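Structural characterization, general
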Amino acid sequence: ECDALVFVEADAKVRDSRAVERRGWTSGELARREAVQMPLRDKRARADFVVVNDGDLDHLRDATHELLAALTARRRPHLPPLS
């Protein structure tokens, strides 16, 4: 179980480039893997929050701070603080 679903999105070219750079995958491997999973549009539709990660690190940092604030604001009283 979880309290919130977060979908992190980026353009297909950005995702592919990152997979090649970080995972050592061949170009197109990410698309092959995504093709056998739930469509991204469905994942996005089910999410409580969407973080766009197609910019620089400062942009991502700002987006994650906003996400943390939103998650903290809706935290149920009986749960321990997020850390």
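Residues numbered from 1 in each chain as written. Predicted model: local features only at pLDDT ≥ 70, side-chain atom pairs only at ≥ 80, totals over all residues. Heavy atoms only, no water.

Some thoughts on the overall build of the protein chain
For the protein chain, the helix and strand inventory stands at 4 helices and 2 strands. Shown N-terminal to C-terminal, the secondary structure of the protein chain runs as helices and strands in the order β-α-α-α-β-α. The buried share among the 83 residues of the protein chain stands at 14%. (Helix = DSSP H or I, 4+ residues; strand = E, 2+ residues; numbered from the N terminus. Buried < 20%, exposed > 50% of the residue type's maximum accessible area, 1.4 Å probe, protein only.)

A look at helix H1 (residues 12-23)
If you check H1, its first and last C-alpha atoms are 16 Å apart, about what 12 residues at 1.5 Å a residue would give, namely 16 Å. The N-capping residue of H1, defined by a side-chain oxygen 3.0 Å from the backbone nitrogen of Lys13, is Asp11. Positive backbone phi, at 75°, marks Gly24, one or two positions downstream of H1. (Expected span 1.5 Å × (residues − 1). Polar contact = N/O pair within 3.5 Å; in protein donor to acceptor, adjacent residues only side chain to side chain.)

Digging into the side chain of Glu29
Positionally, Glu29 belongs in helix H2 (residues 29-35). A polar atom in the side chain of Glu29 sits 2.7 Å from the side chain of Arg32.

Quick look at the pattern of salt bridges
Counting across every chain of the model gives 5 salt bridges. A salt bridge links Glu29 to Arg32; the nearest nitrogen and oxygen atoms lie 2.7 Å apart. With Glu29 and Arg32 both in helix H2, this residue pair falls 3 residues apart, about one helical turn. Residue class for Glu29 comes out buried when judged on its relative accessible area of 16%. Between Asp58 and Arg61 there is a salt bridge, and its shortest N-O distance comes to 2.8 Å. Remark: Arg61 and Asp58 occur in helix H4 (residues 57-73); sequence separation between them is 3 residues, near one turn of the helix. Sharing partners across several salt bridges, the network here consists of Glu29, Arg32 and Arg33. (Salt bridge = Lys/Arg side-chain N within 4 Å of Asp/Glu carboxyl O.)

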